[in-house]
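A structural walkthrough
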Amino acid sequence: MATETIPTLCWRNNTDGSPPALVLLDQTLLPVAERLLDCEDVETVAEAIESLRVRGAPAIGVAAAYGVALGAWHGRVFGNIARCVTVAIERLARTRPTAVNLFWALDHMRGIMDSLEGSADDEVYRALVAAAHKIHLDDQELCRRMGEHGACLVPDKATILTHCNAGALATAGWGTALGVIYAAAEQGKDIHVYADETRPLMQGARLTSWELQRRGIHVTVICDVAAATVLRDHKVDCVITGADRIAANGDVANKIGTYGVAILAQAHNVPFYVAAPTSTVDLDLASGDLIPIEERAAGEITEGFGRRTVPEGVGVFNPAFDVTPNHLVSAIITEHGIARLPYCDVLQAWGKATPSAVETASS
Ligand code: MRU
């Protein structure tokens, strides 16, 4: 398997006194152009998250953590670091409501800030950068572990259906759902992937197929509405998706259309797996009904990618995510292992043992 790295996001320190930068691969331009975007202030990071230049729940969390570090850098220069960090956290929290990793990362950064009250600005800045680095590195490790656990569920010569993009472009590592596929391929298994195109923003067609192709995994893009056909025709061994937020009972919020795929998988007796780190589990929400679902601009549907496809004046409803009830989820793959119904107790235990970033980033 090819192992070309994908530069989803990285931190650049500048030595000449100019601001550091969060450097992102601008995903809105893929697959046509591979262009890096330097984010040197909080607003540029916030805009990048809102417009999906960086996207996918874990990657949003990592980007937001670096965004807070950028806020601290500017605060240190202007002598009001605490205020700048607070404003950065508030701004980044308003970008996208569904992926809980964003709020997990911001809460973590706020905790570091609070624990250093009274410290020198320099020390606060360095601790926040270190904390963001730790979240970044931890995500790579979590992806690895999810991949190892999940690969056991994947037979050799498997054909896997996935929806949206839950790969290297959506995380700081090799991905959640796609990480399972990469791990299975590393074990020598021969894998074929059907990637739903994922309307309206085409993350499956533009991003999933791009990164699978770079890694040498055989991929076929299908229209979202063709999922029923490939499942009915026994062409799929399992479905694997990522998640943006998982409620305490195992209900899963993920890209719009995931719920439909889960219903189809059950109708055709095909296992439906979800891969996500425990930072995606929100133990404060008893069920998926409570998960806030982002609604995005009508233009993504009426004139996506620059061509009008809906008459002027027609109403549009554009939810970015839906919720798959736990009974349709055959297993949830996390860094701790594989959970099956009933999810409550095991998610409760794993959700409390949050990723190692929490214990060590501030030490
Ligand atoms: O709107 P997006 O592109 O951010 O949606 C992303 C997804 O729905 C992913 O499946 C999810 O965040 C998991 S990413 C590992």
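These lines cover the structure that appears in this document, whether it is placed above or below. Since we're looking at a predicted model, the values are computed, not measured. (Residues numbered from 1 in each chain as written. Predicted model: local features only at pLDDT ≥ 70, side-chain atom pairs only at ≥ 80, totals over all residues. Heavy atoms only, no water.)

Section: the pairing of strand β6 (residues 218-222)
Each regular strand displays side chains that alternate between the two surfaces of the sheet. Pairing of strand β5 (residues 192-196) with β6 involves five bridges; the strand directions are parallel. Along β6, the bridge assignment pairs Y194 with T220. For the handedness criterion, the β-α-β arrangement of β5, helix α7 (residues 203-214) and β6 is classed as right-handed. (Pairing = 2+ DSSP bridges. Helix = DSSP H or I, 4+ residues; strand = E, 2+ residues; numbered from the N terminus. Right-handed = clockwise from strand over helix to strand, strands pointing away.)

Quick look at the sheet that holds strand β2 (residues 21-25)
The sheet built from three strands is open, its strands ordered β1-β2-β3 with antiparallel pairing. A strand with exactly one partner marks an edge of an open sheet, and here the two such strands are β1 (9-12) and β3 (36-39). Mean inter-strand twist for the sheet, computed between neighbouring axes without regard to direction, equals 25°. Bridge count between β1 and β2: four bridges; the pairing is antiparallel. Each bridged residue has a counterpart across the sheet, and for C10 the counterpart in β2 is V23. (Axes fitted to C-alpha atoms, helices over the stretch in contact; angles between N-to-C directions.)

What about the site of the ligand?
The full set close to the ligand counts 19 residues, and R55, A57, R96, N254 and K255 are the nearest of them. The separation between an oxygen atom of the ligand and a polar main-chain atom of G56 is 3.0 Å. Surface burial for the ligand is 100%, taken as the share of its 420 Å² of free accessible area covered by protein chains. At the level of elements, α2 (57-78) and β9 (252-255) are the ones that each hand at least two residues to the shell around the ligand. (Near = heavy atom within 4 Å. Polar contact = N/O pair within 3.5 Å; in protein donor to acceptor, adjacent residues only side chain to side chain. Areas by Shrake-Rupley, 256 points an atom, 1.4 Å probe, with all protein chains shown as cover.)

Notes on the pairing of strand β10 (residues 272-275)
The two faces of β10 match: F272 and V274 on one face and Y273 and A275 on the other face are all buried. Pairing analysis gives three bridges linking strand β7 (residues 238-241) to β10, with the strands arranged parallel. Across the sheet, I240 pairs through a bridge with Y273, a residue of β10. The pairing of β10 with strand β13 (residues 331-334) spans three bridges and is classified as parallel. Counted as the bridge partner of A275 is I333 from β13. (Buried < 20%, exposed > 50% of the residue type's maximum accessible area, 1.4 Å probe, protein only.)

Here's the deal with the packing of helix α1 (residues 42-50) against α2
Helix-helix packing: each pair is described by the crossing angle between the helix axes and the interaxial distance. One way to put it is that α1 packs onto α2 with a least axis distance of 8 Å and a crossing angle of 165°. Here α1 lies roughly antiparallel to α2, going by the angle between them. For α1 against α2, the interelement crossing comes out left-handed. Listed contacts from α2 to V42, V45 and I49 of α1 are I60, A63, A64, G67, L70 and G71. When grouped by side-chain class, the residues that make up the contact of α1 with α2 number seven nonpolar, two polar and no charged. (Parallel < 35°, antiparallel > 145°, perpendicular 65-115°, else oblique. Left-handed = near helix turned anticlockwise from the far one by under 90°. Contact = heavy atoms within 4.5 Å. Nonpolar A, V, L, I, M, F, W, Y, C, P; charged D, E, K, R; others polar.)

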